[in-house]
Amino acid sequence: MYYHDKRLQYPVTVERPDPAFARMLQQAIGGVEGEIRVCMQYFFQAWGNRAPTTKYRDMLLHTATEEIGHIEMLATAVALNLETAPASLQEEGASDGIVGAVMGGHSAKASIEGLIHKNLLSSGLAAMPIDSDGVPFNMSHIYASGNVAADMYCNVAAESTGRVLAVRLFNAARDDGMKRMLHYMIARDTMHQQQWLAVVEELGGAAANLPIPNSFPQEMEDQANNYNFYATSVDGTFPEGRWTDGPSVDGRGEFTVFQNKPLGEEPVLGPARPDSGAQDKQIG
């Protein structure tokens, strides 16, 4: 069950509406780095969580619900930035090349169908669950594996790319209100990265949790290929680093370098079946 408070999680103000920036903000809503992604990811991780304790499920639900507030803030920001967007070629600003491009066309000479952007046609100058190119968010980037450690690493990656996007938006923003909103969202991304890593630490840290899943007996995996870096260059050169020499991160092996070579034979398939629709000379 969820409850709604009509007040925003953090103030959202726009002093100088900017349709171009509204389009950029759509990436933070419906892009692969955006808030819909992390919100749904945390919800599905929580709803499918199986553990002796419910605290990880509960924590995920708290954070997923927080992310709904972030989507609301961004949707409000998009709408406020679109308030001055022209709805037709006759309106002031419609001949502006930048505004024209934001509204969906490539120049001021584009047709009216191209100039009027999807945010006008489909939502009346409001935010939509799309990215900055108008592609709808389709949930294909939701990772909820049922493995707590795997999910936490996925969450760190999601918050890291989200923070990169938020910083880029902050640097692109010209409006002080937008900068204030984004500096808050950047701070929350910082916390969430730390939060997910804290779960990994509480589970025993990287060494105890790797490899994921740590419930599979490592003696059953190929011992000759579990800690060697495959060098795939023709001349045998490879980038030396922490991953090429010394103890593995989990402390259970030693990093080595393997010059990649075929370990199997050339695959030989049987002839095509008579009912496969192949050419007659393919059929044995």
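What counts and how
Residues numbered from 1 in each chain as written. Predicted model: local features only at pLDDT ≥ 70, side-chain atom pairs only at ≥ 80, totals over all residues. Heavy atoms only, no water. Core = buried A, V, L, I, M, F, W, Y, C linked by side-chain atoms within 4.5 Å. Buried < 20%, exposed > 50% of the residue type's maximum accessible area, 1.4 Å probe, protein only. Helix = DSSP H or I, 4+ residues; strand = E, 2+ residues; numbered from the N terminus. Contact = heavy atoms within 4.5 Å. Pairing = 2+ DSSP bridges. Expected span 1.5 Å × (residues − 1). Axes fitted to C-alpha atoms, helices over the stretch in contact; angles between N-to-C directions. Parallel < 35°, antiparallel > 145°, perpendicular 65-115°, else oblique. Left-handed = near helix turned anticlockwise from the far one by under 90°. Nonpolar A, V, L, I, M, F, W, Y, C, P; charged D, E, K, R; others polar.

**With respect to the nonpolar core**
Of all hydrophobic cores here, the largest spans 24 residues; its most connected members are Phe21, Leu25, Leu74, Leu169, Met178 and Met181. When contributions to this core are tallied by element, the ones reaching two or more residues are α1 (19–30), α3 (55–81), α7 (148–172) and α8 (176–202). Once residues lying within four places of it in the same chain are set aside, the contact partners of Phe21 are Asn81, Leu169, Ala172, Ala173, Met178 and Leu182. Val38, Cys39, Val156 and Ala158 belong to the second largest nonpolar core, which has 16 residues in total.

**Topic: unusual backbone geometry**
Cis geometry is adopted by the peptide bond preceding Pro211, which originates at Leu210 and carries an omega value of -10°. Looking at the secondary structure, you find Pro211 in the loop between α9 (205–209) and β1 (228–231). Omega for the peptide link from Ile212 to Pro213 comes to -5°, which places this bond in the cis form. Counting through the fold element by element, Pro213 comes out in the loop between α9 and β1. With a phi angle near 65°, Leu125 is a residue other than glycine that sits in the positive phi range. The phi torsion at Met139 lies on the positive side, around 70°, for a residue other than glycine. The residue Met139 is located in the loop between α6 (118–121) and α7 in this model.

**Section: the pairing of strand β3 (residues 254–259)**
Both faces of the sheet carry side chains from a regular strand, because those side chains alternate between them. Pairing of β1 with β3, which is carried by four bridges, proceeds in the parallel orientation. Within β3, the residue paired with Asn228 across the bridge is Thr256. Bridge count for strand β2 (residues 246–247) against β3 is two bridges, and the pairing is antiparallel. Opposite Pro247, over in β3, you have Glu254 as the bridge partner. Turn length for the β2-β3 hairpin, with the two strands adjacent in sequence and antiparallel, is six residues, and the turn residue Gly251 shows positive phi of about 75°.

**Focus: helix α2 (residues 35–47)**
For α2, built from 13 residues, the straight-helix expectation of 18 Å at 1.5 Å per residue is met to within 8% by its first-to-last C-alpha distance of 18 Å. Taking burial as the measure, the 13 residues of α2 include ten buried ones, the bulk of the element. In the core, the buried residues of α2 are packed alongside α1, α3, α7 and α8.

**Brief notes about the packing of α3 against α8**
Running from N to C, α3 and α8 cross one another at 165°; their axes reach a closest spacing of 12 Å. Of the possible angle classes, the one that applies to α3 and α8 is roughly antiparallel. As α3 packs across α8, the resulting crossing turns out to be left-handed. Note on element contacts: α8 touches α3 through Met178, Met181, Tyr184, Met185, Arg188, His192, Gln195, Trp196, Val199 and Glu202, opposite Lys55, Tyr56, Met59, Leu60, Thr63, Glu66, Glu67, His70, Met73, Leu74, Ala77 and Asn81. Partitioned by chemical class, the residues of the contact of α3 with α8 number twelve nonpolar, five polar and five charged.

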